[in-house]
Amino acid sequence: MKLDISRHQSVLVNEVISHLVVKQEGIYVDCTLGFGGHSSAILSRLGQSGRLIGIESDPETCSEARLKVNDQRFEAVLGTYQKIDFHLIERGITKVDGIFADLGVSSAQLDQPGKGFSFRLDGPLDMRMDPDLQTAEEIVNTWSTEDLARIFREYGEEPKAWKIATAIEEERRRSRIVSTVQLAELVHRVYHFQKGRIDTATKIFQALRITVNHELENLETLLSKSQRLLNSGGRIAIISYHSLEDRIVKNFFRDKSRSCTCPKELPECRCGGIKLMSLITRKCIFPDENEISLNPRSRSARLRVAEYLGSKTET
């Protein structure tokens, strides 16, 4: 089934480009190209010699973006953002002026049953951004009870992770769990949904999606590589959608914006630390009420931006 991109709305677009694009003739990377919403906005701020590389792991989505973003300053790359350095080197690029990532799943992907990201519509337990990855169905039906409980607890922040993992293990003895609705109904039998609370099935699906796509590990890799890739004065902007992602971004930006990492009880600095980044946004930027009313799925988005100081502090 072809992806329906008509309902897709990019989040915090104005806030992203106003904080990210500080050099009109610079080189920028959209690590999560999607359908090109943020990329189109970034290009609108770039000068004639500016350049934008968009990275997308889903082949169908990447093809749609190539059709939508028709600009000679733009190139869509089919690949994964944790390999951002390799994608840039292949194009003769060693340094860039801005890196952007929107870590959310697009509305078009959520609303396509064949992707398996949501249990609102029945579909296969897939959840892969990259078709070469292991599916959620394989994880649910082959991983141990202990491993399932661990990811439900760590990535879904679900207090009854063990009980749900045990129920899955018992169910798959009878028949293989293959669909989104099948899994959601199993979770609901274990943990009755209470109005006003986050549906536990939502937490389980989040945990599986994070696991399938290695989302947290990939984010940490991207942040680490950004230091080597950004020019002095270049910026990195990240939109996250849940506390696990945001905590990683917040802690990384905070740690890199400190000039000293010594314990507070030491009378003087002994680490010789160098402040590598400056916080552009000391607190998260959230969508305003107008954006949330137009796009309810944006309500959990939070944007953080930092500037790489680079040679300004290196000796």
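Procedures and definitions
- Residues numbered from 1 in each chain as written.
- Predicted model: local features only at pLDDT ≥ 70, side-chain atom pairs only at ≥ 80, totals over all residues.
- Heavy atoms only, no water.
- Helix = DSSP H or I, 4+ residues; strand = E, 2+ residues; numbered from the N terminus.
- Rg over C-alpha atoms; globule rule 2.2 N^0.38 Å.
- Areas by Shrake-Rupley, 256 points an atom, 1.4 Å probe, with all protein chains shown as cover.
- Lys, Arg positive; Asp, Glu negative; His and termini not counted.
- Charge placed at Lys NZ, Arg CZ, Asp CG, Glu CD.
- Buried < 20%, exposed > 50% of the residue type's maximum accessible area, 1.4 Å probe, protein only.
- Contact = heavy atoms within 4.5 Å.
- Salt bridge = Lys/Arg side-chain N within 4 Å of Asp/Glu carboxyl O.
- Pairing = 2+ DSSP bridges.
- Axes fitted to C-alpha atoms, helices over the stretch in contact; angles between N-to-C directions.

A. Structural detail: the overall build of the protein chain. Per the secondary structure count, the protein chain includes 13 helices and seven strands. Here the C-alpha radius of gyration of the protein chain, 21 Å, is about what a compact globule of 315 residues would show, namely 20 Å. With respect to the three principal axes, the spread of C-alpha positions in the protein chain is 65 × 55 × 40 Å. Summed over its atoms, the accessible surface of the protein chain is roughly 15,400 Å², and 48% of this surface lies on carbon and sulfur atoms. Across the protein chain, the 45 positively charged side chains and the 44 negatively charged ones have centroids separated by 5 Å.

B. View of the side chain of T200. Looking at the element boundaries, T200 is found in helix α10 (residues 200-213). A residue is classified by how much of its surface remains accessible, and T200, at 6% relative accessible area, is buried. In this structure, T200 is in contact with E158, I164, V187 and Y191, ignoring residues within four places of it in sequence.

C. Layout of unusual backbone geometry. A positive phi angle is found at E157, which is not glycine, with a value near 50 degrees. Position of E157 among the secondary structure elements: in the loop between α7 (145-154) and α8 (161-174). Although it is not a glycine, H214 adopts a positive phi angle of roughly 55 degrees. Along the chain, the position of H214 falls in the loop between α10 and α11 (215-229).

D. Up close: the pattern of salt bridges. One pass over the structure, following the stated rule, counts 21 salt bridges. We note a salt bridge from D97 to K23, for which the minimum N-O separation is 3.8 Å. Of this pair, D97 sits in strand β4 (residues 96-102) while K23 sits in the loop between α1 (13-20) and β1 (27-30), placing them 74 residues apart in sequence. For D97, a relative accessible area of 7% puts it in the buried group. Relative accessible area serves as the criterion here: at 42%, K23 is assigned to the partly exposed category. Of the charged contacts, one joins R174 and E171 as a salt bridge, the two residues approaching to 3.0 Å between their closest N and O atoms. Note that R174 and E171 are positioned in helix α8 at a spacing of three residues, about one turn of the helix. Each of E75, E90 and R91 takes part in one network of salt bridges that share partners.

E. Here's a closer look at the sheet that holds strand β5 (residues 230-240). Taken together, seven strands build an open sheet; the order of strands is β3-β2-β1-β4-β5-β7-β6 and the sheet is mixed. Looking along the sheet, the strands with just one partner apiece sit at the ends: β3 (74-78) and β6 (277-279). Strand-to-strand twist in this sheet, taken as the mean axis angle between neighbours without regard to direction, amounts to 20 degrees. In the sheet, β1 pairs with β4 via three bridges, with the strands oriented parallel. Each residue of the ladder has a partner; that of Y28, found in β4, is G98. Contacts from α11 reach β4, β5, β6 and β7 (302-308), with the element oriented near 160 degrees to β5.

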